[in-house]
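# Working through the structure, step by step
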Amino acid sequence: MSTFNLSGWAIRHQQIVFFLILLLSASGIYAYLHLGQMEDPAFTVKAMVVQANWPGASADDVAQQVTDRLERKLQEVAEVDYLTSYSKPGVAQITVILRESVPAARVPAVWYQVRKKLDDIQNTLPQGVQGPFFNDEFGDTFGNLYAFTSDGFTYAELRRYVDQARDEFLRVGDVSKVQYLGVQDEKVFVETSTAKLSTLGIDPRVIEDALRSTNVVVPGGIVEAGEQRVALRISGEFDSVEAIANIGIQANGRNFRLGDVATVTRGFVDPPTSKMHYDGKDAIGLAIAMRDGGDVLRMGRDLDAAVARMRAALPVGVEIHAVSNQPAVVAESVHEFTKSLGEAIVIVLIVSFASLGWRTGIVVALSIPLVLAMTFLAMYALGIDLQRISLGALIIALGLLVDDAIIAVEMMALKLEQGWDRARAATFAYTATAFPMLTGTLITAAGFLPVGLAKSGAGEYTISIFQVVGIALLLSWLVAVVFTPYLGFKLLPEMKTDVAHGGHAVDHERGFYALFRRLLDACLRHRALVLGTTLALFIGAIGLFSAVPQQFFPASSRPELMVDLWLPEAASIAATEAAVGKLEAALKHDPDVVAVTGYVGMGSPRFYLPLDVQLPNTNFGQLMVMTRGEEPREQVLARIEALFKRDFPNVRGRVARLENGPPVGYPVKLRISGPDPQKLLPIVAQVQAILRADPAIRDVNSDLGERLQTARLTVDQDKARALGISSKQIADATQNSLSGLSITQYREGDQLIDVVARLTADERTDLDNLKDAKVYVRDGKFVALSQVARIDLGSEHSILWRRNRLPTVTVRADVAGAQAPDVSARVWPAIEKVARTLPLGYRIEVGGATESSQTSQASIAAVVPFALALILVLLMLQLQNMKKMVLVLLTAPLGLIGVSGVLAVFQVPFGFVAMLGTIALAGMIMRNSVILIDQIDQDLAQGLAPRDAIIGSTLRRFRPIVLTALAAILAMIPLTSSTFWGPMAWAIMGGLTAATLLTLIVLPVMVAVSYGVKEATP
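In this text the structure is predicted, and so the values were computed from the model without any measurement.

### Some points on the overall build of the protein chain
A tally of regular secondary structure across the protein chain gives 31 helices and 30 strands. Judged by the C-alpha coordinates and their principal axes, the protein chain covers about 130 × 80 × 55 Å. Looking at the 1018 residues of the protein chain, the share that counts as buried comes to 54%. Pairs at least 24 residues apart make up 80% of the contacts formed inside the protein chain by residues separated by at least 6 positions. Accessible surface computed for the protein chain: about 44,000 Å², of which carbon and sulfur atoms make up 57%. Distance between charge centres in the protein chain, computed from 92 positive and 99 negative side chains, equals 5 Å.

Below, the structure written as structure tokens:
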């Protein structure tokens, strides 16, 4: 009974095969045009921010009474990796980080558990604590940012236009949410003077009660009038600021207008909590996020249309500025990668035509678009978008997917030149090499399997490498055994036997092959020298890795720069805005700067998925500087760093490029932890001194906050009791007067505007006036604060950081002229000496790029055994011989010789992406080894002597092995200029070049040794 032959089936059913070619090609084109497009692949930010407020508490009280209670409960959640928290006066904030192995689909359920557990202990928190509040949308990406500025309009008028714009954006189908940026809430301020109120004998609470009782919405009843029901409405609610000023107040038997005893004005929250600037002007921003499954390019077109409509309707003076335009970035990114893909296709086609000839090359050339079309169709069905990782994976796959087609068509052409008819020649490759090719294809795909199984943020970010390459390789085998034989049958002519002395019927006794035969013969005679040299090269390559720069992910090539400005913890929002404005003014006329967007009291929203988002802080400002390109970006970066050193002495400034991969922040981080915060200080000083001594380290700093000045009121309780007042009454009086108290709300359209009572500016901003502040006693009488309390100046902690409930200070630094993991490794021995001298309970840990790289590499290493086991199973199924399986495995590490050599010579960094390429390289090498050993077995089965079989098989498989390797190597050329993919491209090119040459020389020698082939005499 004959064995089923897929190629034979294709030849017998040519109409079906031709129909499938047309159908799959058309479907692939449709799929490509409708694939989702993104700049970066989606990955889950497994972080939640929990915040609680305790007004009036010190940082120490917050840490002990609030933060610690919340952290203890959070540690009960099994999926939590670690907790980082800070406690400030009145504020506790905890960032919950989940283990990277937690599946993305499980994350929402974990956040539900976090909420439940903290809700359970809410009643155990101190009285007066507000919250906890939760933010589990920390990872949302707002790809489109717009800034609205005005000239000649008030802020309130601009806000109304922005409200209209938000409504317009929300009508766009692919938009999920629109968030305000830097918006200032309107307030109505009722400002009083304690001196005036005390003179008139008016209790401040009278004013508060009058405002609350007048501005009410309560039911007045319903009149049942026959067949009608008429609701009764009571007037009195405010309809204007003037109405508030006209409220009547009665005190000590006298009547007053509120406007007579207080100043009523309409303004904005004072001081503001956050602000936004665009090119130095006050702005209101809108951040737009796309819905899940949306089409970013379609959303971009719809948003552009919406902006055009709004610009036409807005009055002159109101302008809309695009701060971030992700659809345009995605379109440009996809265009660049599509261009690189086209270049790679041309390179592979040139290799095919140059090596196989015109007709044979045409068959391979037609196979490439068919495999790509089928790959696009599979990506569309599986929901894999076109993005940085999947497009790079397509280019990597391109060099591999022609391998099977080249082997199949070359085998067919060879048999045609030997006089076989087309049908028999077309089906021979399936009989001879289909299953070795399938095994080799599966092994190559298995080389990428660690990427697909890695349980880490980096693994989630790069998983589409495995998905796309695996799909393309499997489909390339299917095309090679079904469609390539059909195309060869149609395009390749039959030949007579007597012409079979050219073309693919290579004469292995002449020219290059004669030289290579002599080289093989010499290697087989000097086996020990060959194997010893190979082993020495391998050991040398491992040692050479110490000269290769290390990294996690390379910086992005995008033109934006993120500039952070940190002022002292006690800095006001006005001081932060002044610093931001000063830097904006310095950059305004820089020719390499397109635009500057400033954020005061907050950081930029996540407009780019890997952005290291900064949480709101009064003493923090951030600029997003849009430059004119990658090269101008570096020049602007140097100029901003010089500005910080020269003109900003009280600002800790940092300029950073956008990152690729999961965000890291400062590339060098060292965490010093221990139970006593005071004992950490000298350890921090030692660590900082070690870092500053390294020439590659820049801007060493820590998150250790300076102490805050405080004014403590020591109440004379005896006097207070005699006057009938308590500490709480004094605190309420000072809090309400100085910071203001929201009494009621003024309703205007769909806006709710707080009515805030506070002291006049001169009384609430001058600390010297505090002692003269008046505290209401009773019956219209007041007493000066200095009569019942003493004001003592002191200090307290501004911020207390903890990690897993242990006080922690993080020392941070940037690097210049080197890679962060290399620098961390260089300083670690000195740090370790310090760590060994620390008392029990104190420790120093490495963070930053080194920790992230180690975590990601560990996630890969954890699944390598599974991938290796799968490869062993495939090898055993194909070779069915332990000895042969071991021989193939021994060739896998040969690629490291070329990888380390190329990376060291050209100083290309070895990072996470290059590591993935190196692991996958093993599969490519073993594929060629399987095919060569299978050919040797076939020759031995035909009765050839072992030595002749080894040499003959190597000569016959030389061309297809070299051609497939050459296609894979040259297809990498377009990626070498990529910042992100360059290291992987260089690793694969160098490794595959060295491994291919060594496989064709060393593998025959290892086979000869294992088979016990005797050495021939020269």
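### Some details on helix 16 (residues 457-491)
The terminal C-alpha atoms of helix 16, which comprises 35 residues, lie 48 Å apart, in line with the 51 Å expected from a rise of 1.5 Å per residue. Remark: the principal bend of helix 16, roughly 45°, maps to Ala-480. Extensive coverage of helix 16 is indicated by the burial of 28 of its 35 residues.

### Looking at the domain arrangement of the protein chain
Here the domain parsing of the protein chain yields domain 1 (1-34 + 357-495), domain 2 (47-135), domain 3 (144-179 + 275-326), domain 4 (203-260 + 708-797), domain 5 (509-546 + 881-1017) and domain 6 (557-658). The straight-line distance from the C-alpha centre of domain 2 to that of domain 5 is 55 Å.

### Focus: helix 14 (residues 422-447)
In a regular helix each residue adds 1.5 Å, so 26 residues correspond to 38 Å; helix 14 covers 36 Å between its end C-alpha atoms and thus fits that length. Capping the start of helix 14, Asp-421 holds a side-chain oxygen 3.1 Å from the backbone nitrogen of Ala-423, two or three residues further along.

### Some points on the sheet that holds strand 12 (residues 263-268)
Ordered by their spatial adjacency, four strands build an open sheet running 12-7-24-23, and the pairing between neighbours is mixed. Either end of the sheet is taken by a strand with one partner, and the two such strands are strand 12 and strand 23 (741-748). Neighbour-to-neighbour, the strand axes of the sheet open up by a mean angle of 30°, direction not taken into account. With six bridges connecting them, strand 7 (residues 186-192) and strand 12 associate as antiparallel partners.

### Some thoughts on the environment of Ile-931
Here Ile-931 is to be found in helix 29 (residues 912-941). Along the chain, Ile-931 and Ala-251 lie 680 residues apart, while their C-alpha atoms are 102 Å from each other. Setting aside residues no more than four positions away along its own chain, Ile-931 makes contact with Ile-407 and Arg-957.

### Re the pairing of strand 7
Judged by how many residues are buried, strand 7 sits mostly within the fold: seven of seven residues are covered. Both strand 7 and strand 24 (residues 751-759) contribute to a ladder of six bridges, which runs parallel. In the sheet register, Phe-189 faces strand 24, and the bridge partner there is Val-756.

### Some words on the environment of Asp-948
By secondary structure assignment, the location of Asp-948 is in helix 30 (residues 946-971). A residue is classified by how much of its surface remains accessible, and Asp-948, at 47% relative accessible area, is partly exposed. Residues Asp-948 and His-277, 671 residues apart in the sequence, show an inter-C-alpha distance of 78 Å.

### Digging into empty space enclosed by the protein
Applying the stated rule across the entire model yields four cavities of 30 Å³ or more. Those elements giving two or more residues to the lining of the largest cavity turn out to be helix 13 (388-417), helix 29 and helix 30. Class assignment for the residues of the lining of the largest cavity results in five nonpolar, three polar and two charged.

### Remarks on the side chain of Ser-556
Structurally, Ser-556 is set in the loop between helix 18 (527-544) and strand 16 (560-566). On the accessibility criterion, Ser-556 (1% relative accessible area) is buried. Here Arg-558 takes part through its backbone nitrogen, which lies 3.1 Å from a polar atom of the side chain of Ser-556.

### Quick notes on the pattern of salt bridges
Applying the stated criterion across every chain, the model contains 40 salt bridges. One salt bridge connects Arg-947 with Asp-521, and the closest N-O pair in it is separated by 2.5 Å. Linking Arg-947 in helix 30 with Asp-521 in helix 17 (residues 511-525), this pair joins segments that are 426 residues apart in sequence. Residue classification places Arg-947 among the buried positions, given a relative accessible area of 13%. Asp-937 is the salt-bridge partner of Lys-884, the closest N and O atoms lying 2.7 Å from each other. Taken together, the positions of Lys-884 in helix 27 (residues 882-891) and Asp-937 in helix 29 put the pair 53 residues apart, joining distant regions of the chain. Exposure remark for Lys-884: the relative accessible area of 13% places this residue in the buried category. Members of the salt-bridge network, linked through shared partners, are Asp-68, Glu-71, Arg-72, Arg-802 and Arg-805.

### Thoughts on the confidence of the model for the protein chain
For the protein chain, mean pLDDT is 85; residues scoring 70 or higher make up 95% of the total. Here residues 498-504 is a poorly scored stretch, pLDDT under 50, and it has twelve contacts once near neighbours within four places are set aside; other chains count.

### Let's talk about the packing of helix 26 (residues 848-879) against helix 29
Look at helix 26 against helix 29: their axes get within 12 Å of each other, and the N-to-C directions meet at 10°. Taken together, helix 26 and helix 29 sit at an angle that is classed as roughly parallel. Of helix 29, the residues touching helix 26 (which contributes Ser-856, Gln-857, Ile-860, Ile-871, Leu-875, Gln-878 and Leu-879) are Phe-912, Met-915, Leu-916, Ile-919, Met-926, Val-930, Ile-933 and Asp-934. Of the residues belonging to the contact of helix 26 with helix 29, the class tally is eleven nonpolar, three polar and one charged.

### Focus on the packing of aromatic side chains
Taken as a whole and judged by the stated rule, the model has 16 aromatic pairs. For the ring pair Phe-545 and Phe-910, a centre distance of 5.4 Å and an interplane angle of 70° mean the geometry is edge-to-face. Remark: Phe-910 occurs in the loop between helix 28 (895-906) and helix 29 and Phe-545 occurs in the loop between helix 18 and strand 16; sequence separation between them is 365 residues. As far as burial versus exposure is concerned, Phe-545 and Phe-910 are alike and both buried. Judged by centre distance (5.6 Å) and plane angle (70°), the ring pair of Phe-644 and Phe-648 falls under edge-to-face. For Phe-644, a relative accessible area of 8% puts it in the buried group. Members of the aromatic cluster, joined through ring pairs, are Tyr-461, Phe-980 and Trp-981.

### Overview of unusual backbone geometry
With an omega of 10°, the peptide bond between Gly-131 and Pro-132 qualifies as cis. Along the chain, Pro-132 turns up in strand 4 (residues 130-135). In this model, Asp-270 is joined to Pro-271 through a cis peptide bond whose omega is 0°. Looking at the secondary structure, you find Pro-271 in the loop between strand 12 and strand 13 (275-278). In this model, Asp-699 sits at a positive phi of 55°, which is unusual for a non-glycine residue. As for its position among the elements, Asp-699 is in strand 21 (residues 697-702). The phi dihedral of Gln-907 falls on the positive side, at around 50°, and the residue is not glycine. Looking at the secondary structure, you find Gln-907 in the loop between helix 28 and helix 29. Relative accessible area serves as the criterion here: at 44%, Gln-907 is assigned to the partly exposed category.

### Observations regarding the packing of helix 28 against helix 29
Running from amino to carboxyl end, helix 28 crosses helix 29 at an angle of 140°, the nearest separation of the two axes being 10 Å. As summarised for this structure, helix 28 and helix 29 are arranged oblique, according to the angle between their axes. The handedness of the crossing between helix 28 and helix 29 is right-handed. Of helix 29, the residues touching helix 28 (which contributes Gly-895, Leu-896 and Val-899) are Thr-918, Leu-921 and Ile-925. Of the residues that constitute the contact of helix 28 with helix 29, the class distribution is four nonpolar, two polar and no charged.

Quick notes on the rules
- Residues numbered from 1 in each chain as written.
- Predicted model: local features only at pLDDT ≥ 70, side-chain atom pairs only at ≥ 80, totals over all residues.
- Heavy atoms only, no water.
- Helix = DSSP H or I, 4+ residues; strand = E, 2+ residues; numbered from the N terminus.
- Buried < 20%, exposed > 50% of the residue type's maximum accessible area, 1.4 Å probe, protein only.
- Contact = heavy atoms within 4.5 Å.
- Areas by Shrake-Rupley, 256 points an atom, 1.4 Å probe, with all protein chains shown as cover.
- Lys, Arg positive; Asp, Glu negative; His and termini not counted.
- Charge placed at Lys NZ, Arg CZ, Asp CG, Glu CD.
- Expected span 1.5 Å × (residues − 1).
- Bend = angle between axes of the 7 residues up to and from the residue.
- Domains from an automatic or database assignment.
- Polar contact = N/O pair within 3.5 Å; in protein donor to acceptor, adjacent residues only side chain to side chain.
- Pairing = 2+ DSSP bridges.
- Axes fitted to C-alpha atoms, helices over the stretch in contact; angles between N-to-C directions.
- 1 Å grid on protein atoms, 1.4 Å probe; cavity = no way out; pocket = protein on both sides within 12 Å on 5 of 7 lines; lining within 4 Å.
- Points joined across faces, edges and corners; volume = space filled by probe spheres on them.
- Nonpolar A, V, L, I, M, F, W, Y, C, P; charged D, E, K, R; others polar.
- Salt bridge = Lys/Arg side-chain N within 4 Å of Asp/Glu carboxyl O.
- pLDDT = per-residue confidence, 0-100.
- Parallel < 35°, antiparallel > 145°, perpendicular 65-115°, else oblique.
- Phe/Tyr/Trp six-rings, centres within 6.5 Å; stacked < 30°, edge-to-face > 60°.
- Left-handed = near helix turned anticlockwise from the far one by under 90°.

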